[in-house]
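Secondary and tertiary structure notes
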Number of protein chains: 2
Amino acid sequence: MSASKRDELVQRALKTFYQGGFHAIGMDKLAKETGVSKTAMYKHFRTKEELILATLRLRDEQFRNWLMRRVDELASEPKARLLAIFDALGEWFQEPDFKSCMFIKASSEYQDRASPIHATSAEHKRLLRTYFTDLAREAGANDPDRLGCDLLIVKEGAIVLAHLFAPDKLARDAKRTAERVIEAEFASK
Amino acid sequence: MSASKRDELVQRALKTFYQGGFHAIGMDKLAKETGVSKTAMYKHFRTKEELILATLRLRDEQFRNWLMRRVDELASEPKARLLAIFDALGEWFQEPDFKSCMFIKASSEYQDRASPIHATSAEHKRLLRTYFTDLAREAGANDPDRLGCDLLIVKEGAIVLAHLFAPDKLARDAKRTAERVIEAEFASK
DNA sequence: CATAAGGTTAACCGATCAGTAAACGATAAA
DNA sequence: TTTATCGTTTACTGATCGGTTAACCTTATG
């Protein structure tokens, strides 16, 4: 019972922080928006930072699971799966309340490398890079590390610009950019 | 006299916001760090938002001027100038107090598209894209718009990741990624 | 010398910040 | 039925938020 309440709190806090920002959302507003009392929140988490870290861990799990599942569904051929990453991203960008990447925003607000929030954001990107590198290896890339890094760079740039410009345009543009780096990798045999 | 004080304030506020974040730096702390009294600040700017907008305008001017000058200095051949963008970026990443891009961070904290701060951030990226497109055209690209967009995506991704990972590694990686999209553009003749 | 402008310090406003304490209500095991 | 747990609401802490006001100091012009 306590555990499920806790999960519910983290899920709702995730949405609220994602839409509103970390500094901009106070604990009082969070209590109002999640329907969980402040007292209960501080029973589960000793500080706001701990609650934020919990939302980031949930987001990391949710996002990577979603992306991996979506890539599985969109393409079966190993090389096509590399490009499918960007079809999945395009779907995400066009969701009505897409607001950039939770981890880019977290590291924007907590800039100090010593901050656990910053470190958790870096870890998320590291895990994504590993996933991309694995896909590149399965596709038979010469230099999977390099292609994985290329794809991560393109993905992050696309997210930032989708948040500032038209999301659908960036979805198309990023896929075309990804095509170029993928083709370059396989042409370098 | 007033004008120079104002400029001095904006310059110092720029550094303080860049290092500390917009929500995290209050007007009292800003007064302390800039040496300009709160009263004087509110004589020049009616709200904190107006001051932030002034710092963003200064940053846009500073950054684009710096980048254009650096590209001029690093390469003279039109095509080599495209790659020189990423040499310049590498220099920036390795500055001791590099902390990502002011505009990525601003749009992370002010997510609403209706916010003037968000809009100013988008405008900065638009101007950069125009610059990249111009360079691509001068280099004789088939589709300068497309290459300009490619390069902007790579640049933004590199900044985000340089902020989270090792800046020098990202400087090298981003340049290699840029090489790929540039070569792809010129191979598509 | 008078005066007005542009700056200072300092105190203040109501609201909100993160975090705590106390009193109370529900549920469920004993 | 008793008791303990988990949650609630409400009120509170001291600090800080963005923004304002008033009294004072300095400087340059008339």
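Everything quoted here is computed from the prediction, not taken from an experiment.

The rules behind each value
- Residues numbered from 1 in each chain as written.
- Chains lettered and ligands numbered in written order.
- Predicted model: local features only at pLDDT ≥ 70, side-chain atom pairs only at ≥ 80, totals over all residues.
- Helix = DSSP H or I, 4+ residues; strand = E, 2+ residues; numbered from the N terminus.
- Buried ≥ 20, exposed ≤ 12 C-beta atoms within 10 Å, placed from the backbone.
- Contact = placed C-beta atoms within 7 Å.
- Near = placed C-beta within 6 Å.
- Nonpolar A, V, L, I, M, F, W, Y, C, P; charged D, E, K, R; others polar.
- Expected span 1.5 Å × (residues − 1).
- Least-squares fit on C-alpha atoms with pLDDT ≥ 70 in both.

What to know about the overall build of chain A
- Counting its regular elements, chain A contains 9 helices and 0 strands.
- Taken from N to C terminus, the helices and strands of chain A fall in the order α-α-α-α-α-α-α-α-α.
- Counting only residues that meet the buried cut, chain A has 39% of its 189 residues in that class.
- Put simply, 62% of the contacts in chain A that link residues at least 6 apart link residues at least 24 apart.

A few points about the protein's contact with DNA strand D
- Neighbouring DNA strand D are 18 residues, the closest being Ser37(A), Thr39(A), Ala40(A), Gly26(B) and Lys48(B).
- Broken down by secondary-structure element, the contributors of at least two residues to the surface near DNA strand D are helix H1 (2-20) and helix H3 (38-44) of chain A together with helix H2 (27-34) and helix H3 (38-44) of chain B.
- Looking at the surface near DNA strand D element by element, the count peaks at 4 residues for H3(A).
- Of the residues that constitute the surface near DNA strand D, the class distribution is 5 nonpolar, 6 polar and 7 charged.

Regarding helix H8 (residues 144-164) of chain A
- Taking 1.5 Å as the rise per residue, H8(A) with 21 residues should run 30 Å; its terminal C-alpha atoms sit 31 Å apart, in good agreement.
- Taken across its 21 residues, H8(A) has 19 buried, putting it largely inside the fold.

Thoughts on the environment of Leu9(B)
- Counting through the fold element by element, Leu9(B) comes out in helix H1 (residues 2-20).
- Excluding its chain neighbours within four sequence positions, the residues that come into contact with Leu9(B) are Thr34(B), Val36(B), Met41(B) and His44(B).

A word on the relation of the copies chain B and chain A
- Between the two copies, chain B and chain A, the superposition gives an RMSD of 0.0 Å; the rotation angle is 180° and the shift along the axis is 0.0 Å. When the rotation and shift are considered jointly, the pair of chain copies conforms to a two-fold rotation axis. Of every C-alpha in chain B, the one belonging to Gly157(B) sits nearest the axis of rotation, 1.8 Å from it.
- In this assembly the copies share their binding face: 100% of the residues contributing to the interface of chain B also contribute to that of chain A.

Some thoughts on the protein's contact with DNA strand C
- Taken together, the neighbourhood of DNA strand C is formed by 18 residues, with Gly26(A), Lys48(A), Lys5(B), Ser37(B) and Ala40(B) sitting nearest.
- For the surface near DNA strand C, the elements supplying multiple residues, two or more each, are helix H2 (27-34) and H3 of chain A together with H1 and H3 of chain B.
- Tallying contributions element by element places H3(B) first for the surface near DNA strand C, with 4 residues.
- Classifying every residue of the surface near DNA strand C gives 5 nonpolar, 6 polar and 7 charged.

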